[in-house]
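# Reading the structure
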Amino acid sequence: MQQSWRQAGSASVVLQLRIVCPCRRGEAIRSGPSAAMIPTLPITDFLVGEGAILDVRSPAEFGQGHIPGAVNLPLFDDAERAEIGTLYKQQGRQAAVLRGLALVGPRMEALAAALTRAGDQHQADVQDQAEAQAQRHPLSIGPAASSRTTDSTSPLATAPLRLHCWRGGMRSASVAWLARQLDLPVVLLEGGYKSYRRWVLALFERPWPLRLLGGRTGCGKTELLLALAERGVAMVDLEGLAHHRGSSFGGLGLPAQPSSEHYENRLAAALCRLEGAPAIWLEAESSQVGRCRIPTGLWRQMRAAPVLEVQRPLEQRVAHLVTIYGSQDPQALAEATHRIAKRLGPQRTAAALEAIERADWAAACLQMLDYYDRCYDHELGQHRLSTVELGQLSPAAAAQELLDRGLMAPG
């Protein structure tokens with residue numbers, strides 16, 4: 001039975017790949033002369049869908065950047081994609097298609113199983129989310145809503161899989177055809193990931209009601225923004241999305257940074273969720289957070305945004321930095337110090353390295369703060385500025401203080 005499935009599947013893929021071509025804008029994709037049309041959606045409709053997003057590009061393409069929340073289900077691995085691309089350039093489309101058939105045919109069964117798992121996993125995720133929502137807000141869930149949390153045929157649970165490749169051509173259409181043979185509902189992204197990237201970059205050119213939270217290094221700006229978000233204030237965590245705290249030491253103890261392309265994707269998703277907010281708060285940053293570059297359109301608006309500067313006593317700032325960096329590897333701290341040695345100067349660099357060697361984290365921080373405070377003061381001098389002294393208040397207490405004084409408001 002399995003052998004006959006493979007043979008039939010391979011033959012079907014041959015038919016499918018011979019007749020599929022990239023669709024023109026606004027068209028659906030056909031899998032054969034009498035087959036039902038596979039719908040394509042423009043990017044805005046695609047993003048608001050409820051089904052799982054499956055990215056069928058190669059792992060390297062996916063790693064460079066993808067729609068946040070998407071799952072990679074590559075039709076070809078990186079080496080195969082490179083091989084087929086070379087064949088296409090050197091020998092033409094037919095040679096590339098034939099090689100693609102040879103590679104994909106033996107994997108039909110595995111691809112089919114992966115598609116089925118994606119559909120099943122999405123239904124399970126929908127169920128979990130609905131149950132969690134019911135537990136958080138039990139009084140808001142009426143009988144009809146409660147029944148939906150266990151109904152696998154509800155609109156959310158049966159939402160079509162959302163598939164895309166780079167341009168909305170062969171790869172996504174072929175996998176969509178296979179999903180159809182498994183009776184899995186599916187839609188395609190018109191124009192593929194390329195159209196998504198155009199949407200991302202255009203988003204940053206739109207006007208946004210930005211406000212910046214400033215403050216010298218160690219003031220706990222990120223923690224304060226997170227506490228404000230818990231109280232309903234609209235904010236985007238630039239550092240959290242970049243996996244970096246924004247200094248030479250900022251990547252210590254954090255996951256690897258995304259590419260700048262994927263950082264843009266993550267920022268776009270965060271901004272889009274806040275559309276309509278009267279004010280959106282960001283941390284005052286330089287144009288790069290580690291190696292992630294803030295997109296030009298957003299950075300231009302940040303440069304013109306008003307700043308609320310929070311102030312803390314020096315001892316409070318040092319204590320906060322020791323809490324963050326005191327548990328890091330001393331060798332990593334020393335390497336980060338060497339990276340800014342020219343800007344620290346020889347005396348401060350030597351003093352900082354000696355303090356790190358004897359595990360005197362407070363003394364090491366004091367050496368760094370002179371440099372970082374000068375950089376911050378220079379950068380902040382270009383903004384409209386108001387200040388607030390927060391003393392030694394905790395992030396939660398400081399957030400409430402800002403709300404009580406009317407300096408911020410829930411969005």
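Model, not experiment: these values are computed from the prediction.

When two helices pack together, you describe them by how their axes are tilted relative to each other and by the distance separating the axes. Orientation of helix α4 (residues 78-91) relative to helix α5 (residues 93-104), taken along the N-to-C sense of each, is 155°, at an axis distance of 7 Å. Regarding the angle of α4 to α5, the classification is roughly antiparallel. Every pair of crossing elements has a handedness; the one defined by α4 and α5 is right-handed. For the pair α4 and α5, the contacting residues are Glu80, Glu83, Ile84, Leu87, Tyr88 and Gln91 in the first and Arg93, Ala95, Ala96, Arg99, Gly100 and Leu103 in the second.

Glancing now at the pairing of strand β10 (residues 307-311). Burial analysis of β10 places four of its five residues in the buried class, the great majority of the element. Judged from the three bridges that link them, strand β6 (residues 210-214) and β10 form a sheet pairing that is parallel. Its bridge partner being in β10, leucine 213 is matched across the sheet by leucine 308.

This part covers the packing of aromatic side chains. For the coordinates displayed, the defined rule picks out five aromatic pairs. Measuring from ring centre to ring centre gives 5.7 Å for tyrosine 193 and tyrosine 196, while their planes differ by 35°; the resulting arrangement is tilted. Within this pair, tyrosine 193 and its partner tyrosine 196 are both found in helix α9 (residues 192-205), separated by three residues, close to a single helical turn. A single burial state applies to tyrosine 193 and to tyrosine 196, both of which are buried. What links up through ring pairs into an aromatic cluster is the set Trp166, Tyr193, Tyr196 and Trp199. Sitting above the plane of the tyrosine 193 ring, arginine 57 keeps its charged end 3.9 Å from the centroid. Above the ring of phenylalanine 46, the side-chain terminus of arginine 162 is found at 5.8 Å from the ring centroid.

Axis separation between helix α15 (residues 330-339) and helix α17 (residues 346-357) bottoms out at 10 Å; the angle between their running directions is 175°. With respect to α17, the element α15 is oriented roughly antiparallel. Between α15 and α17, the contacting residues are Pro330, Leu333, Ala334, Thr337 and His338 on the first element and Thr349, Ala352, Leu353 and Ile356 on the second. Tallied by class, the residues present in the contact of α15 with α17 amount to six nonpolar, three polar and no charged.

Okay, α15 next. Inspection of α15 places Ala332, Leu333, Ala334, Ala336 and Thr337 among the buried residues, and these make up the whole buried set. Looking at the buried residues of α15, the elements they touch are α14 (314-325), α16 (341-344), α17 and α18 (361-380).

The next point concerns unusual backbone geometry. The phi torsion at aspartate 183 lies on the positive side, around 60°, for a residue other than glycine. Within the element layout of this structure, aspartate 183 appears in the loop between α8 (170-181) and β5 (186-189). Of note in this structure, histidine 243 is not a glycine but carries a positive phi near 55°. Secondary-structure assignment places histidine 243 in the loop between α11 (238-242) and α12 (260-273). Histidine 243 sits in the partly exposed class, given a relative accessible area of 21%.

Cut-offs used in this document
- Residues numbered from 1 in each chain as written.
- Predicted model: local features only at pLDDT ≥ 70, side-chain atom pairs only at ≥ 80, totals over all residues.
- Heavy atoms only, no water.
- Axes fitted to C-alpha atoms, helices over the stretch in contact; angles between N-to-C directions.
- Helix = DSSP H or I, 4+ residues; strand = E, 2+ residues; numbered from the N terminus.
- Parallel < 35°, antiparallel > 145°, perpendicular 65-115°, else oblique.
- Left-handed = near helix turned anticlockwise from the far one by under 90°.
- Contact = heavy atoms within 4.5 Å.
- Buried < 20%, exposed > 50% of the residue type's maximum accessible area, 1.4 Å probe, protein only.
- Pairing = 2+ DSSP bridges.
- Phe/Tyr/Trp six-rings, centres within 6.5 Å; stacked < 30°, edge-to-face > 60°.
- Lys NZ or Arg CZ within 6 Å of the ring centre and 35° of its normal.
- Nonpolar A, V, L, I, M, F, W, Y, C, P; charged D, E, K, R; others polar.

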